[in-house]
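# Working through the structure, step by step
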Amino acid sequence: MSVARRKVVVTAGPTREHVDPVRYISNESSGRMGFELAAAAARAGDRVILVAGPVHLETPPGVTRVDVTSARDMLAAVKAAFLGAEGRSRAHFGKTGADALFMAAAVGDWRPKRRRAGKWRAKDCGDEVATLELVRNPDILATVGAAKGDRLVVGFALETGDGVRRARRKLVRKSADHIVLNDPTALGGARTSVTVIGRDGGEVRLINRTKRAVAEALVALGRP
């Protein structure tokens, strides 16, 4: 029996929030998990749009890639691809959007309140302490999760300490179907251990697997 071909959106990598033309706030995400997810979905026969933050990774075969920089850029691209909203990704999937979203990107929570047009020369003022005012970025997962209907949404959470409890709260708060919980050891590594937490209360632990193997297990979520 043939498996229906899904339309899948995957996000990957970090975002950057510029302070000025040469400085930005970002994080250590390599993008590998998201790229493995996109590759696994394409191998499974899905049509895939990969919304990628600033990373130096090759686009997997059969995947359409949309490059973005900031959290707001990524939100616009995800809304266009997944929800079918106006935007540069909409042409690939049309007005109806996609069937599934794997939100693997490490999106920055904050951005500078204003981006300076020229290089910020704080040291020229002679002060030993400088203040950078930040404002909150849009919550991409919560925004699209609230409008997903019966479509599959898989979020990711990188936590320390009591991560399961926080991940379960995130699952409900952001209207996701699954949350993939990992810890900082996953950053930049070829292997990872994750806990997949489902809306039905279930937990599946994948220990010391390659990111390709984890991606293949996650792509199977929601399939008949």
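Coordinates for the structure precede this section.
Nothing here was measured: the structure is a model prediction, and the numbers come from that model.

### Some remarks on the packing of helix α1 (residues 32-43) against helix α6 (residues 211-219)
The interhelical angle for the contact between α1 and α6, taken along N-to-C directions, is 55 degrees, at an axis separation of 8 Å. Looking at the two axes, α1 sits oblique to α6. Considering the relative orientation of α1 and α6, their crossing is right-handed. In this structure, α1 contributes R32, M33, E36, L37, A40, A41 and R43 to the contact, and α6 contributes K211, R212, V214, A215, E216, L218 and V219. Partitioning the contact of α1 with α6 into residue classes produces 8 nonpolar, no polar and 6 charged.

### Remarks on the pairing of strand β12 (residues 203-210)
Bridging between strand β11 (residues 191-198) and β12 involves 6 bridges; their strand directions are antiparallel. Residue T192 lies in a different strand from β12, and its bridge partner there is R209. Where β11 folds back onto β12 in an antiparallel hairpin, the turn is made up of 4 residues, including G201, whose phi is positive at roughly 95 degrees.

### Remarks on the pattern of salt bridges
Applying the stated rule across the entire model yields 9 salt bridges. Residue D20 pairs with R23 through a salt bridge whose shortest N-O separation is 2.6 Å. Look at R23 and you get partly exposed, because its relative accessible area is 33%. Among the ionic pairs, D139 bridges to K174, the shortest N-O distance being 2.9 Å. Separated by 35 residues along the polypeptide, D139 in the loop between β8 (134-136) and α4 (140-145) and K174 in the loop between α5 (163-173) and β10 (178-182) bring together distant segments of the chain. The exposure class assigned to D139 is partly exposed, which follows from its relative accessible area of 31%. A single salt-bridge network, built from bridges that share partners, covers R43, R212 and E216.

### Things to note about the nonpolar core
Proteins that are soluble and globular tend to have nonpolar side chains buried together. Formed by 29 residues in total, the largest nonpolar core has its most connected members in V10, L37, L50, F102, V154, F156 and L218. Of all the secondary structure elements, the ones that give two or more residues to this core are β1 (7-12), α1, β4 (47-52), β6 (100-103), β9 (152-158), β11 and α6. Considering each element in turn, this core owes the most residues, 6 residues, to α1. When sequence neighbours within four positions are dropped, the list of residues in contact with V154 reads L101, F102, M103, H178, V180 and L221. F82, A157, A167 and L181 belong to the second largest nonpolar core, which has 26 residues in total.

### Regarding the sheet that holds strand β5 (residues 63-67)
Strand order across the open sheet formed by 8 strands is β5-β4-β1-β6-β9-β10-β11-β12, with mixed pairing between neighbours. Every interior strand has two partners, whereas the edge strands, β5 and β12, have only one. Between one strand axis and the next, the sheet turns through 20 degrees on average, direction left out of account. Across 5 bridges, the pairing between β4 and β5 is parallel. Looking at the pairing, A52 lines up with D67 of β5. Strands β1, β4, β5, β6 and β9 of the sheet are contacted by helix α2 (residues 71-83), whose axis makes an angle of about 170 degrees with β1. α5 contacts β9, β10, β11 and β12 of the sheet and is inclined by roughly 155 degrees relative to β10.

### Observations regarding α1
Over its 12 residues, α1 extends 16 Å from the first C-alpha to the last, a length consistent with the 16 Å expected when each residue adds 1.5 Å. Against β1, β4, β5, β6, β9 and α6 lie the buried residues of α1. Remark: G45 follows α1 within two positions and exhibits a positive phi of approximately 100 degrees.

Criteria and cut-off values
Residues numbered from 1 in each chain as written. Predicted model: local features only at pLDDT ≥ 70, side-chain atom pairs only at ≥ 80, totals over all residues. Heavy atoms only, no water. Axes fitted to C-alpha atoms, helices over the stretch in contact; angles between N-to-C directions. Helix = DSSP H or I, 4+ residues; strand = E, 2+ residues; numbered from the N terminus. Parallel < 35°, antiparallel > 145°, perpendicular 65-115°, else oblique. Left-handed = near helix turned anticlockwise from the far one by under 90°. Contact = heavy atoms within 4.5 Å. Nonpolar A, V, L, I, M, F, W, Y, C, P; charged D, E, K, R; others polar. Pairing = 2+ DSSP bridges. Salt bridge = Lys/Arg side-chain N within 4 Å of Asp/Glu carboxyl O. Buried < 20%, exposed > 50% of the residue type's maximum accessible area, 1.4 Å probe, protein only. Core = buried A, V, L, I, M, F, W, Y, C linked by side-chain atoms within 4.5 Å. Expected span 1.5 Å × (residues − 1).

Geometric values such as these leave the question of function open.
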